[in-house]
Amino acid sequence: MADDRMRPPWWLKYVNKVMIGLNKLGVGGDKGPVVLTVPGRKSGKPRSTPVTPMTVDGHRYIVSGLPKGDWAANARAAGAATVHQGRRDQRVRMVEMPVEQARPLLRQFPILVPTGVGFMRNLGLVTGPHPDEFEALAGRCPVFRLDPI
């Protein structure tokens, strides 16, 4: 498996900018990626990244596909964020799930967010959409519950 200090792919910044722009135009509707904005933990400046939430038992969750990724560290430090979906914004509390609670959520990730499987496979975190492999990422890939404020 890949090292947790891995760097994001070179193309990710460019793809994220395109996805953020499409989100502002309302492409994707109520399903698919949203834009998560959190203050930078050092600069305090707003930092935005596209994420794809999944709904389990009426709660929305997001998974950081990059261990030790900046957005997850910023969310952890801030404790709150804004979710943008088209022209709608919602303030949310970012509640990081403990490892034991993250395991069953990670098992559902390849089923509920199939677009995330390829990204995580390309990083070397998993070999495919196997729930056991995703469950094994508990403790490495943070899982956050988005609680409306």
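Refer to the preceding data block for the structure.
For every chain, the first residue of the written sequence is number 1, and numbering continues from 1 along that sequence. In keeping with the model being predicted, local features are shown solely for residues with a pLDDT of at least 70 and side-chain atom pairs are shown and tallied solely at 80 or more, while totals for entire chains, interfaces and linings include all residues. Only hydrogens and water are removed before side-chain values are computed, so all heavy atoms of the structure are retained for them.

Engineer: Teacher, can you tell me more about the pattern of salt bridges here?
Structural biologist: It is possible for side chains bearing opposite charge to pair when their charged atoms get close. Any Lys or Arg side-chain nitrogen found within 4 Å of a carboxyl oxygen on Asp or Glu counts as a salt bridge. Following the criterion strictly, the structure yields 6 salt bridges and no others. The salt bridge involving aspartate 70 is made with arginine 41; its shortest N-O contact spans 3.3 Å. Here aspartate 70, found in helix 2 (residues 70-78), pairs with arginine 41, found in the loop between strand 1 (34-39) and strand 2 (46-51); they are 29 residues apart in sequence, far enough to count as distant. To sort residues, take the accessible area from a 1.4 Å probe on protein chains only and compare it with the maximum for the residue type: under 20% means buried, over 50% means exposed, and anything in between is partly exposed. Taking the relative accessible area as the measure of exposure, aspartate 70 reaches 51% and is therefore exposed. In this structure arginine 41 comes out as partly exposed when scored by relative accessible area, which is 40%. Residue arginine 107 is joined to aspartate 132 by a salt bridge in which the shortest nitrogen-to-oxygen separation is 2.5 Å. Taken as a pair, arginine 107 in helix 3 (residues 99-112) and aspartate 132 in helix 5 (residues 131-135) lie far apart in primary sequence, 25 residues in all. What makes arginine 107 partly exposed here is its relative accessible area of 29%. Only DSSP runs of H or I covering at least 4 residues are called helices, and only runs of E covering at least 2 are called strands; the numbering of each starts at the N terminus.

Engineer: Is there a simple way to explain the packing of aromatic side chains in this structure?
Structural biologist: In this description, a pair of aromatic rings is defined by centroid distance and the angle of the planes. Any two of the Phe, Tyr and Trp rings considered here, Trp counted by its six-membered ring, make a pair once their centres fall within 6.5 Å; the pair's planes then place it as stacked at under 30 degrees, edge-to-face at over 60, or tilted in between. Per the stated rule, a full pass over the model turns up 2 aromatic pairs. Ring centres of tryptophan 71 and phenylalanine 144 lie 5.7 Å apart, and the angle between their planes is 50°; this geometry places the pair in the tilted category. Taken as a pair, tryptophan 71 in helix 2 and phenylalanine 144 in strand 7 (residues 143-148) lie far apart in primary sequence, 73 residues in all. A single burial state applies to tryptophan 71 and to phenylalanine 144, both of which are buried.

Engineer: I'm lost on the packing of helix 3 against helix 4 (residues 114-122) in this one. Help?
Structural biologist: Each pair of packed helices gets described by two things: the angle between the helix axes and the distance between those axes. At a closest axis distance of 5 Å, the pairing of helix 3 and helix 4 adopts a crossing angle of 105°. Put simply, helix 3 runs roughly perpendicular to helix 4. Contacts between helix 3 and helix 4 involve Phe109, Pro110, Ile111 and Leu112 from the first element and Pro114, Gly116, Val117 and Met120 from the second. Taken together, the residues that form the contact of helix 3 with helix 4 break down as 7 nonpolar, 1 polar and no charged. Between the N-to-C directions of two axes lies an angle of 0 to 180 degrees, each axis being a line fitted to C-alpha atoms and, for a helix, fitted only over the stretch in contact. An angle below 35 degrees is treated as roughly parallel, one above 145 as roughly antiparallel, one from 65 to 115 as roughly perpendicular, and anything else as oblique. Two residues qualify as a contact provided that any one of their heavy atoms is within 4.5 Å of a heavy atom in the partner residue. We call Asp, Glu, Lys and Arg charged. Ala, Val, Leu, Ile, Met, Phe, Trp, Tyr, Cys and Pro are nonpolar, and the rest, Gly among them, are polar.

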